[in-house]
Amino acid sequence: MKFNSLDETHIKKLQAMVARDCFTAGPSVLDLHARDQSRHPPHRPEAVIWPTSPAEVAEVLKYANANLIPVTGWGSGSSLEGNPIPIKGGIVLDFSRMNHILDIRSEDFQADVEPGVVYQDLNEKLKYTGLFFPPDPGARATIGGMIANNASGTRTIYYGSTKDYALRLSVVLANGEIIDMGTRASKTSSGYDLIRLFVGSEGTLGLVVRATVRLVGLPAEFSAAIATFPTIEAAGKVVFQVMRGGLNPAALELLGPECIELMNREEGLALNVSPTIFMEFHGSTASQLAEVLEMAKEICSTEGCDKFEPGLGRTERDRIFKARHDLGEMIIRNNPHSRIMVMDVAVPITAYSELIRAINEEMAGTNLASYYISHAGNGNVHLNILGKKGDRRQWDLIERIVERLVARSLELGGTATGEHGIGLGKRKYMIAEHGAGLEWMKHVKSLFDPNGILNPGKIFP
Ligand SMILES: Cc1cc2nc3c(=O)[nH]c(=O)nc-3n(C[C@H](O)[C@H](O)[C@H](O)COP(=O)(O)OP(=O)(O)OC[C@H]3O[C@@H](n4cnc5c(N)ncnc54)[C@H](O)[C@@H]3O)c2cc1C
């Protein structure tokens, strides 16, 4: 598709659609909207607009569609695969000013929000209601961006990902039409499930302007433990046993010793520098959780656990999980001369040990530094591999390693991306993962966005 650049006439027309301070073509703001948190090269949009209402979004899209101007939605820009990078230029619609929590219906366990609401701010507001919104990607992500990427996080193993929390959406389509989808009822069998189609579509089918999200009660009791192991393989076997044993963890995270060393240094923790599992259980009584923890300890001991530390209090637990959430940024900060390849494969839990074996085999003898970070209960691994900036040979090697690991994950019944989305980096795996299904995805895209103006260049190879 050939798109048009913004000329003076376009700029004047677009400026007239929003308040004076809601449009800019200033270079510094364009630069801020040229890159996400990934290794992908930046690309500037031609203008940034901060809409303040669904009607403004609709007017901009209608105009952009008629004039073949690309439009890319923007939440916080915290994506890890180039998802919001406007690689074809055009307009970025930054939703940060549509950040109002419109209604909290605590007795229905629901909240209505604008897309720019940051999920931590929603949870802060919910604190006094005894409810929370569980998906937790760690970065300061917006609900709109989380819906678009189907984000998840450390608690997904128990609570599910964003797709399980989107009940009702208002979406502006490429032609400017506003449609509502879903229901506020807790179940429905009515027609095609458009919500599931839009969640994870990375802003390529329409832009979310309102969302009703499901909330859940804060757990009455929780317990958390740290277990360390001589090897990642041993820890991986424990992950499988905990899941197979039906212990139902609320978090089951596995980190390599290099991550623990970094967390100790940066956050003043004093953890054993070994492969480590953080586990957490939620329940209604302390005695029930004590039993579960005892079972977890027993499982750990069968794999040569060096140290099992149960009974972490809330403060210690929060400190550790904060450090866990900050790991991505710590890695970037501590390796200023490297770019980082963040792998995001996920496999069925029965194949988790095999995935670890494949990773070890690939990395052995390469001299590449890497950090092993895993939402292990979901069989999801983020191997962060460091490559020197500008070292083409090293990057070719890294690309080949990741390609082979993605291929192995697909053979094992898994996916190229457990949570970060396709964006730019995972497009090349779409044929292998979806086969003929990819053609039907293209049909869906052309139905909703025949001119291809929404976030062009993403998802499809
Ligand atoms: C340190 C760090 C840790 C992370 N950990 C995790 C993790 O554990 N789990 C996880 O899932 N992710 C993780 N992420 C990735 C990221 O936080 C998530 O993908 C998040 O959902 C992105 O939200 P955002 O608001 O930043 O969206 P953006 O990055 O701004 O945009 C994401 C996508 O949504 C589109 N978009 C934005 N707003 C809208 C809208 N209103 N309507 C339609 N489309 C829209 C954009 O065009 C883009 O395609 C991490 C990122 C960082 C930096």
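Please refer to the structure placed before this passage.
Notes on the structure in this doc start here. (Residues numbered from 1 in each chain as written. Predicted model: local features only at pLDDT ≥ 70, side-chain atom pairs only at ≥ 80, totals over all residues. Heavy atoms only, no water.)

Focus: unusual backbone geometry
And step 1. With a phi close to 50 degrees, Leu68 is a non-glycine residue in the positive phi region.
And step 2. Along the chain, the position of Leu68 falls in the loop between helix H3 (54-66) and strand S3 (71-74).
And step 3. Residues other than glycine seldom take positive phi values, yet Asn248 does so here, at roughly 55 degrees.
And step 4. Tracing the backbone through its elements, the reader meets Asn248 in the loop between helix H8 (232-244) and strand S13 (251-255). (Helix = DSSP H or I, 4+ residues; strand = E, 2+ residues; numbered from the N terminus.)

Let's talk about empty space enclosed by the protein
And step 1. Considering all chains together, one arrives at one cavity of 30 Å³ or more under this definition.
And step 2. Computed from the structure, the largest cavity encloses a volume of approximately 60 Å³.
And step 3. Of all the elements in the fold, those that place two or more residues in the lining of the largest cavity are strand S16 (338-342) and helix H13 (392-411). (1 Å grid on protein atoms, 1.4 Å probe; cavity = no way out; pocket = protein on both sides within 12 Å on 5 of 7 lines; lining within 4 Å. Points joined across faces, edges and corners; volume = space filled by probe spheres on them.)

Examining the packing of aromatic side chains
And step 1. By the definition in use, this model includes five aromatic pairs.
And step 2. Ring geometry for Tyr158 against Tyr159: centres 4.7 Å apart, planes inclined by 80 degrees, an arrangement best described as edge-to-face.
And step 3. Using a relative accessible area of 32% as the deciding quantity, one classes Tyr158 as partly exposed.
And step 4. Between Phe278 and Phe321 the ring centres are 6.2 Å apart and the planes differ by 50 degrees, which places this aromatic pair in the tilted class. Taken together, the residues Phe278 in strand S14 (residues 276-283) and Phe321 in helix H11 (residues 314-334) connect sequence positions 43 residues apart. Exposure class is identical for Phe278 and Phe321. Each is buried.
And step 5. In this structure, Arg214 is placed above the aromatic ring of Tyr165, and the distance from its NZ or CZ to the ring centre is 4.5 Å.
And step 6. Cation over ring: Arg317 sits above Phe321, and NZ or CZ is 4.4 Å from the ring centre. (Phe/Tyr/Trp six-rings, centres within 6.5 Å; stacked < 30°, edge-to-face > 60°. Buried < 20%, exposed > 50% of the residue type's maximum accessible area, 1.4 Å probe, protein only. Lys NZ or Arg CZ within 6 Å of the ring centre and 35° of its normal.)

Points about the sheet that holds strand S9 (residues 178-182)
And step 1. Pairing is antiparallel across the open sheet formed by five strands, whose spatial order is S5-S6-S10-S8-S9. The open sheet has two edge strands with one neighbour each: strand S5 (101-105) and S9. Ignoring strand direction, the axes of neighbouring strands in this sheet form an average angle of 15 degrees.
And step 2. Looking at chain direction, strand S6 (residues 110-113) and strand S10 (residues 206-214) are connected through four bridges and run antiparallel. What sits directly across from Asp112, in S10, is Thr212. (Pairing = 2+ DSSP bridges. Axes fitted to C-alpha atoms, helices over the stretch in contact; angles between N-to-C directions.)

Here we look at helix H15 (residues 437-448)
And step 1. For H15, with twelve residues, the first-to-last C-alpha span of 17 Å sits near the 16 Å given by 1.5 Å per residue.
And step 2. Within the sequence span of H15, burial applies to Leu438, Lys445 and Phe448. Angularly, the buried residues of H15 cover 85 degrees about the axis, an arc narrow enough to put them on a single face. Residues of H15 that are exposed and angled more than 90 degrees away from the buried face: Trp440 and Leu447.
And step 3. Its buried side turned inward, H15 meets strand S8 (166-173), helix H7 (194-198) and helix H14 (430-434). (Expected span 1.5 Å × (residues − 1). Arc of directions from axis to C-beta. Contact = heavy atoms within 4.5 Å.)

Side note on the pattern of salt bridges
And step 1. Under the counting rule described, the total for this entry stands at 31 salt bridges.
And step 2. A salt bridge links Arg317 to Asp318; the nearest nitrogen and oxygen atoms lie 3.0 Å apart.
And step 3. The exposure class assigned to Arg317 is buried, which follows from its relative accessible area of 12%.
And step 4. Ionic pairing is found between Arg357 and Glu361, a salt bridge with its closest N-O pair at 2.4 Å. In this pair, Arg357 and Glu361 are both assigned in helix H12 (residues 352-363), four residues apart and thus about one turn of the helix distant.
And step 5. Residue Arg357 is classed as partly exposed on the basis of its relative accessible area of 40%. (Salt bridge = Lys/Arg side-chain N within 4 Å of Asp/Glu carboxyl O.)

Let's talk about the sheet that holds strand S2 (residues 47-49)
And step 1. A sheet is described by the order of its strands in space; here four strands give the open sequence S1-S2-S4-S3, paired in mixed fashion. Strand pairing shows two members of the sheet lacking a second neighbour, strand S1 (23-24) and S3, which therefore form its edges.
And step 2. As defined by bridge partners, S1 adjoins S2 across two bridges and the pair is classed as antiparallel. Within S2, the residue paired with Phe23 across the bridge is Ile49.
And step 3. This element, H3, spans S2, S3 and strand S4 (91-94) of the sheet and lies at about 165 degrees to S4.

Considerations on the site of the ligand
And step 1. Lining the immediate environment of the ligand, one finds 35 residues, of which Gly73, Ser78, Ser79, Pro137 and Thr142 sit closest.
And step 2. Ser76 places a polar main-chain atom, nitrogen or oxygen, 3.0 Å from an oxygen atom of the ligand.
And step 3. Take Asn83: an N or O atom from its main chain is 3.2 Å from an oxygen atom of the ligand.
And step 4. Summarising the interface, the protein chains cover 96% of the accessible area of the ligand, which totals 980 Å² for the free molecule.
And step 5. Within the residue set of the shell around the ligand, elements represented by two or more residues are S3, helix H5 (143-149) and S10.
And step 6. Residue contributions to the shell around the ligand peak at five residues, all from H5.
And step 7. Class assignment of the residues belonging to the shell around the ligand gives a composition of 13 nonpolar, 20 polar and two charged. (Near = heavy atom within 4 Å. Polar contact = N/O pair within 3.5 Å; in protein donor to acceptor, adjacent residues only side chain to side chain. Areas by Shrake-Rupley, 256 points an atom, 1.4 Å probe, with all protein chains shown as cover. Nonpolar A, V, L, I, M, F, W, Y, C, P; charged D, E, K, R; others polar.)

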